[in-house]
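Chain residues, written in single-letter form:
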Amino acid sequence: MGLKLLIFMIGFCSYGIADNSNSLFYFPSDGQSDSDWWQRASFYQIYPRSFQDSNGDGIGDLNGITQRLGYLKEIGIKATWLSPIFKSPMADFGYDVADFYSIQPEYGTMNDFDRLVRKAQEIDLKIILDFVPNHSSDENVWFRNSVNRVKGFEDFYVWHPGFEDPNNSSARLPPNNWISVFQKSAWQYNDKRGEFYLHQFTVKQPDLNYRNPSVVKEMKNVLRFWLDRGVSGFRIDAVPHIFEIDKDANGNYPDEPLSGNTDDPNDWNYLNHIYTKDMPETIDMIYQWREVLDNHKKKHGGESRVMLTESYSPIDIVMKYYGDGKREGSHIPFNFLLIEQLNKDSNANDYKSTIDYWMKNMPPNRTPNWVIGNHDQNRVASRFGTDRIDMINMILLTLPGVSITYNGEELGMVDVWISWNDTVDPAACNTNPSVYEKFSRDPERTPFQWDTTANAGFSTNSKTWLPVATNYKDVNVEVEMTKPKSHLNVYMTLMRARSTRTMKYGKMLTEVFNGNVLVILRQLSGDDSYITVANIGDTTETIDLSNTSKLPDSLQYYSVSVSSDHHPGETVSSRNIVLKPKESFVLKTNVESHGYEYFKYVVD
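Engineer: Even after reading the chapter, I still don't get the nonpolar core, so can you show me in this structure?
Structural biologist: For soluble globular proteins, nonpolar side chains are generally found buried alongside one another. By size, the foremost hydrophobic cluster in this structure holds 119 residues, and its most contacted members are Tyr71, Phe113, Leu129, Tyr210, Trp226, Phe234 and Trp289. Formed by 19 residues, the second largest nonpolar core is a distinct cluster that contains Leu24, Leu509, Val533 and Phe585.

Structure representation (C-alpha cells):
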C-alpha cells in the first residue's frame, strides 16, 4: 500500500448545508511551480467559415480572421485554433483534405496565411491549426495514386476486395459490418481499383493506413511543414479512429458486435466499436507526434509547440494521452466531461462530481483543461439555457489550467434553426427530413455576430453560407462591449482574474450546498481568493460560506451574472449569501489562512 492524503474539513454551515465532502486539489505542486505558456492559457476556437468574411462572398476567410485578431487580444485570449483551412472540396467543410500543404482558395492564399501568423505574433497570439490525420479527401492525389496502384501508394489507404455476393455474381459485398460515423456502411467500392476502401466518416473521406510506415512519415512531414511556417501547435482531429484492428491471417477484418443501443443498422451506434476505435497503437502515434513538436522546438528554439487532442473516449484511455511516464504525449487531451455528463437538468452535485472526476483521474504534474463547446456541439445557451450563460463561463474560467472557448460562447450566441433545404452538414444530409435535426451541426456553426449592421457585420453579401441568427441586433460584440452588464463583459472580467497568481497557481476546493449551489474556491496564501458561487437550481438559496476555508465575514462581488441585482464592488457577509434562481457570481477576498487541517498516513 502507498501513501494516502486524508483531508478533514472543519465547520458547519448554518444556512446551507454542504451535500457531499469537499474536494481539495493542488495545481500544480501546491501552487508554487513556474509554468509553460499554455498551462494557464485561454484557447479560443475559430470556425473560419463563420468568423469574418473579408471579400463579400458570404464565407469567412483568413483575411477576415486577421482583421479581428485585435478582438481576441482584447478579451484575453492567448491562442486560437482554426478549424481546417487546407485545400478541400468541402464535402465535410475542410475535414476532407485534398492537399495538406496548401490553403483552401475560398479562405485565401498562403500569403494570407503567412500574414495572419505574422500579425498574431506581433500581438503575442498563438495560431493553432486543426490537423486531420485519420483520412484525406478522395480528391487527394494520394488517394488517386492508391486507386491506380502507383508504386509507394498501393497501401496508403485501407483496402479490401470484399466478398462475392451469392445472389449476384457480378456484385461484391463489403468486407464486414463496420458502420460509418455518418451512417451506413464504412466501406465503399471503387470500380477502378476493384476493391473497397474504408471510410469511417463520409464516403469522400477515405481512411489513411497508419500501418504503412510511409503514411506515418508523410503525416509527420505535414506537421513539420506548418511548424516551419510559424504555427504554435495543432489540435488533432478524431484521434480514436486513426487505427483499426489489423487484418487476420486470411487478410480479413472481423465484424464488430451489436451494441443493443439502437435497432437502426445504418446508425453508428448500432455496433460496439471494439475494432475501429481506441486501438492501442493510437496512443503510440500521439507520442510520436509529440516528439515531432518537441524536436522542432529543440532545433529552432522559442516557446513550446503544443498538441491538443480530440477524443470522446473512456477516461482511462484519455489519460494515457498525457504520456506514460517515459514518453510525453498530448499537452491538452481535451476534457469533454462538461459536455458529455452535464445538461440543463444536472444539479450542483453533478457539476461537482464531473469536475472532481477529471482532477482525481489526471496523472500527477499534468495540466487540467475544460471544454464546454465546439463546432460539433449545440451552443451553451441552447444546451443549458440562456439564463445560465454567465454561470457556465464563470465555472469554465475559474477552474484551474486551460480553458477552451468556442467562438460566440462569450457573447451568449444561440443555435439557429436551419431548414432541411438549407442544411449543408453531411452528418444531417445523410439522413432525411424527419430526423435530420438530431444529427445536424449547422445550428452551432452560423456566422459570428459582430454588430447591428446587415448580417451582423459578418459579410456584405446578401446571402451567407448559413443564415445569421435573428437575435444578432441584441447579441453582438458592439452592443455587449458598451453595456456594463453583458455576457461579454462578464467574460472579460473573468479573463482578467485568470491573469492573477491565485488563478494561475492557487489550489481549488469544490463544494455543494443544498444540492443546488456549486462553490469553487481558488486560493493562494497571501493573494486574493476567488469564490465562484452558482445557483444551478430553480429556487432561491441562502448559504453560509464562513466555514469554507475560514473565509472572513466580508466578501466582495467581483463579477456577477447579467440577471443579478448585485454589482461588482459591493460587499456581502459570507454568513448570509442569498442567490436567486440561476444566479451566479464570483466573490473576492484576501485570505492568508487556508483553514484546512490535513494529515498524511502511511498505510502498511
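Additional details are given in the paragraphs that follow.
Engineer: Got a minute to help me understand the sheet that holds strand β12 (residues 195–198) in this structure?
Structural biologist: Each strand in a sheet pairs with its neighbour through backbone hydrogen bonds, running either in the same direction (parallel) or in the opposite one (antiparallel). Ordered in space as β8-β12-β11, the three strands form an open sheet in which the pairing is antiparallel. A single partner strand is all that each edge strand has here, and the edge strands are β8 (159–160) and β11 (187–190). One ladder, built from two bridges, connects β8 with β12; its direction is antiparallel. For His160, the partnering residue across the bridge sits in β12 and is Phe196.

Engineer: Please clarify how the packing of aromatic side chains should be interpreted in this entry.
Structural biologist: How two aromatic rings sit relative to each other is set out by the distance from centre to centre and by the angle between their planes. Applying the stated rule across the entire model yields 38 aromatic pairs. Consider the rings of Phe131 and Trp289, whose centres lie 5.5 Å apart with planes at 80 degrees: the pair is edge-to-face. Of this pair, Phe131 sits in strand β7 (residues 126–131) while Trp289 sits in helix α6 (residues 280–300), and the two are 158 residues apart along the sequence. Classification of Trp289 as buried rests on a relative accessible area of 0%.

Engineer: When you look at the pairing of strand β14 (residues 306–309) in this model, what are you seeing that I'm missing?
Structural biologist: For a regular strand, the rule is simple: side chains alternate between the two faces of the sheet. Covered by surrounding structure in β14 are Val306 and Leu308 together with Met307 and Thr309, the residues of both alternating faces. Bridge count between strand β13 (residues 233–236) and β14: four bridges; the pairing is parallel. The residue bridging Ile236 from the neighbouring strand is Thr309, located in β14. Viewed along the sheet, the connection from β13 through α6 into β14 turns out right-handed. Taken together, the two bridges between β14 and strand β15 (residues 332–333) define a ladder with parallel strand orientation. Bridge pairing in β15 links Thr309 to Pro333. As a crossover connection, the stretch from β14 through helix α7 (residues 315–320) into β15 is right-handed.

Engineer: For this particular structure, what's the right way to read α6?
Structural biologist: In an α-helix, one turn spans 3.6 residues; hence positions three or four apart end up facing the same way. Between its first and last C-alpha, α6 extends 32 Å over 21 residues, near the 30 Å set by a 1.5 Å rise per residue. Along α6, the positions that sit buried rather than exposed are Thr282, Ile283, Met285, Ile286, Tyr287, Gln288, Trp289, Arg290, Val292, Leu293 and His296. As for α6, its buried residues are in contact with β7, α5 (213–228), β13, β14 and α7. Following α6 by one or two positions, Gly301 adopts a phi angle in the positive range, close to 75 degrees.

The rules behind the values
- Throughout this document, residue positions are counted from 1 along each chain, in the order its sequence is written.
- The model is predicted, so local features are restricted to residues of pLDDT at least 70 and side-chain atom pairs to those at 80 or more, both for listing and for counting; the totals for chains, interfaces and linings are taken over all residues.
- Just so you know, side-chain values use all the structure's heavy atoms and leave hydrogens and water out.
- Put simply, buried Ala, Val, Leu, Ile, Met, Phe, Trp, Tyr and Cys residues joined by side-chain atoms within 4.5 Å make one nonpolar core.
- In this scheme, a residue with accessible area under 20% of its type's maximum is buried, one over 50% is exposed, and one in between is partly exposed, where area comes from a 1.4 Å probe on protein chains only.
- Strands are labelled as partners when DSSP assigns at least two bridges between them.
- Only DSSP runs of H or I with at least four residues qualify as helices, and only runs of E with at least two residues qualify as strands; both kinds are numbered from the N terminus onward.
- Pairing of aromatic side chains here covers Phe, Tyr and the six-membered ring of Trp, requires ring centres within 6.5 Å, and sorts the geometry by plane angle: under 30 degrees stacked, over 60 edge-to-face, intermediate tilted.
- Convention used here: a crossover is right-handed provided that the path from the first strand, over the helix, to the second strand proceeds clockwise when the strands point away from the viewer.
- Multiplying one less than the number of residues by 1.5 Å gives the expected span of a helix.
- Here a residue-residue contact requires only that any non-hydrogen atoms of the pair lie within 4.5 Å.

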